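Next come the chains, spelled out residue by residue.
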There are 2 protein chains.
Amino acid sequence: MDPISGRFMRKQITADQLVDGILKGDRLALSRAISRVEDDGESARSILEALYPHTGKAHLIGVTGAPGTGKSTLVTALARQYRQLGQTVAVLAVDPTSPFTGGALLGDRVRMTALSGDKGVFIRSMATRGDLGGVSVATSDTLLLLDAAGFDRVIVETVGVGQAEVEIAGIAHTTLVVDAPGLGDEVQAIKAGVMEIADLFVVNKADHTGVERTVSALEMMLEQKRGGFRQMRHHGEWMKVDLPPDKQDGDQWTIPVLKSIATTNEGIEPLQNQIEAHREWLLSSGQWAVREQMRIARTVEKLIQRELARRLAAALPAGRLSELILAASRRQISPYEAARQLVKGMRD
Amino acid sequence: MDPISGRFMRKQITADQLVDGILKGDRLALSRAISRVEDDGESARSILEALYPHTGKAHLIGVTGAPGTGKSTLVTALARQYRQLGQTVAVLAVDPTSPFTGGALLGDRVRMTALSGDKGVFIRSMATRGDLGGVSVATSDTLLLLDAAGFDRVIVETVGVGQAEVEIAGIAHTTLVVDAPGLGDEVQAIKAGVMEIADLFVVNKADHTGVERTVSALEMMLEQKRGGFRQMRHHGEWMKVDLPPDKQDGDQWTIPVLKSIATTNEGIEPLQNQIEAHREWLLSSGQWAVREQMRIARTVEKLIQRELARRLAAALPAGRLSELILAASRRQISPYEAARQLVKGMRD
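Values in this document were obtained by computation on a predicted structure and should not be read as measured data.

### A look at the packing of aromatic side chains
Two aromatic rings, taken as a pair, are described by how far apart their centres are and by the angle between their planes.
Okay, step 1: What the rule picks out here adds up to four aromatic pairs over all chains.
Okay, step 2: Centroid distance tryptophan 253 of chain A to tryptophan 281 of chain A: 6.0 Å. Interplanar angle 40 degrees. Geometry classified as tilted. One end of the pair, tryptophan 253 of chain A, is in the loop between helix 10 (211-225) and strand 7 (257-259); the other, tryptophan 281 of chain A, is in helix 11 (residues 268-285), and 28 residues separate them in sequence. The two residues tryptophan 253 of chain A and tryptophan 281 of chain A agree in class, both being buried.
Okay, step 3: Here phenylalanine 122 of chain B and phenylalanine 151 of chain B contribute two aromatic rings whose centre-to-centre distance is 6.1 Å and whose plane-to-plane angle is 40 degrees, an arrangement assigned as tilted. Of this pair, phenylalanine 122 of chain B sits in strand 3 (residues 121-127) while phenylalanine 151 of chain B sits in the loop between helix 7 (134-148) and strand 4 (153-158), and the two are 29 residues apart along the sequence. Neither residue differs from the other here; phenylalanine 122 of chain B and phenylalanine 151 of chain B are each classed as buried.

Here it is in structure tokens:
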């Protein structure tokens, strides 16, 4: 209702109007729909459902890597490259490090300056809230909006090294892992964790010393991996998707290790070529459909978890939870017993 | 059943034997119980329930910070300091970066060498599996075991910057955030995210240039924060715990910024003193009980989520899920509709 923030005005716009606007390429409608997704997934639900049939066309590219690798600059250069080829690009920067501040910490302003004034580019940052399952639901809902809005390429960038990164890789078609020479040992160790999610590696800051050592190290790690199966990206316990055989002769993707200097645009065109090559491979090998199904499976899983949590909250008698927690803190019952009693109460 | 791995032998040991062993200070029993927690929470359930009444004594100290700050060395030095004071210490290194490899990536061997041969120290690494809710359940189950085993101080160390870190801060009594001079801009930005979880800051590598600038930057951030309330650590949607008023005059904790050079042990004793001071404050202000209840609330929340997911899996007719996902990938239905149908099927 605040006339200054425009909060009241926003509420006046119906879901149908936003859907129409997004499909017509209205960027303001898109921004508002994303804000609704961020505010509360539920109020955006009808928008998402209406747009869903219009999705499935965008190539979703995940870009990830340790702090200090120059990811943001690389993403900006990549977006510019796509624009030169006449393709529209959306960039979603997901920041899983900031559940409290709610602000956008990534190099947004830098990017805005480099790409502003171009209607074929859309840039948005999103700080996650720390809710369990919140990272992926808000992110995949936003990706759905960007896809429906007709962008040819949607780049999802994550900072940080953790579960969020792996989750986001699970919803991208192509995952690019950015590395750089001269990072510390701990950062090197972290790379082992992202090894399994990478479709392409790029060693950025290739003008720094030690670049060849970094490239060799990555190639050695890849060499060790080869011969084994690519691990399934989705690792929910109960959510199994039928996959075509992973090993089809002559139809394997060989993970390349590229070099770039994003600040001077060096290596960006070859990188973009390799991303396109991966896209071609996904389509010709049938992996595109596989990844699509896995992505949907994850989304469904998260939606169900959220729904069940909501039902639990609604079913809990007021005060019952505090009572059980107090009893557990006094060691009268265990948390396991408290959980059992609460689940039982939900059923009755 | 493999005689080489000893898998068969391990199964022969009953839960009761492990419980007895842990309470008697048997380290092998403790290790085995932790392995059961890692393998599958369920097989450890009876052990955890039996030990729960014996918990609540250990001071749980979370240590976190960006890569390259020297956390592992600092934790080792801190553990040594506690040992000199005659207190027993357990160190749990949680690695949220590696859902796939399952290996321990932190500086385990280094620590082992520095602290080996001392029965008052127990060190364990744990790689998280990437399951939703897996980080916290396995971690808090292990903390329960370490607490029941009688360690005076339990240090939980996390690498990485993300949700796992915040979650682990939510289960510690005292959270120490480690910083270092000369880290990049992106790492600086990340600190904003951990600002809200810190009870103490320490700038390690204080012999490096730029240490005063790093200290000032932290103090400035803290200054900006002061006057506001400390944000609630727990941010689940439905899980509300009654808190005593956060603002009691003269009873506020002032977050200190310390300096250390862990490699030469400088600043470790003052750091340990401040950790003890925080412990005293927790106890005298009633915050110890508050944090205990919040920790229990989170554990109960995770347990319930896991239980509901299990029930869903059991209730799903074979093939139904694949069917719905295929339909969604063809845009015949939306993932939201698929989730609704699955939840509905669970109820019937």
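### Section: the pairing of strand 6 (residues 200-203) of chain A
Residues and elements named next belong to chain A.
Okay, step 1: Of the two faces of strand 6, the one lined by Leu200 and Val202 and the one lined by Phe201 and Val203 are each fully buried.
Okay, step 2: When strand 5 (residues 174-179) meets strand 6, the two strands line up parallel, connected through four bridges. In the strand pairing of strand 6, valine 178 is matched with valine 202.
Okay, step 3: Sheet topology note: the strand 6/strand 7 ladder contains three bridges and is parallel. Across the sheet, valine 203 pairs through a bridge with lysine 259, a residue of strand 7.

### Quick notes on the pairing of strand 1 (residues 59-65) of chain A
Residue and element names in this part refer to chain A.
Okay, step 1: Within strand 1, seven of the seven residues are buried, which leaves it mostly tucked inside the rest of the structure.
Okay, step 2: Here strand 1 shows a buried face lined by His59, Ile61, Val63 and Gly65 and a second buried face lined by Leu60, Gly62 and Thr64.
Okay, step 3: Sheet analysis places strand 1 next to strand 4 (residues 153-158), joined by five bridges and oriented parallel. Looking at strand 4, one finds that histidine 59 is bridged to arginine 153.
Okay, step 4: One ladder, built from five bridges, connects strand 1 with strand 5; its direction is parallel. In the strand pairing of strand 5, threonine 64 is matched with valine 177.

Criteria and cut-off values
Residues numbered from 1 in each chain as written. Chains lettered and ligands numbered in written order. Predicted model: local features only at pLDDT ≥ 70, side-chain atom pairs only at ≥ 80, totals over all residues. Heavy atoms only, no water. Phe/Tyr/Trp six-rings, centres within 6.5 Å; stacked < 30°, edge-to-face > 60°. Helix = DSSP H or I, 4+ residues; strand = E, 2+ residues; numbered from the N terminus. Buried < 20%, exposed > 50% of the residue type's maximum accessible area, 1.4 Å probe, protein only. Pairing = 2+ DSSP bridges.

The values are spatial; any link to function lies outside them.
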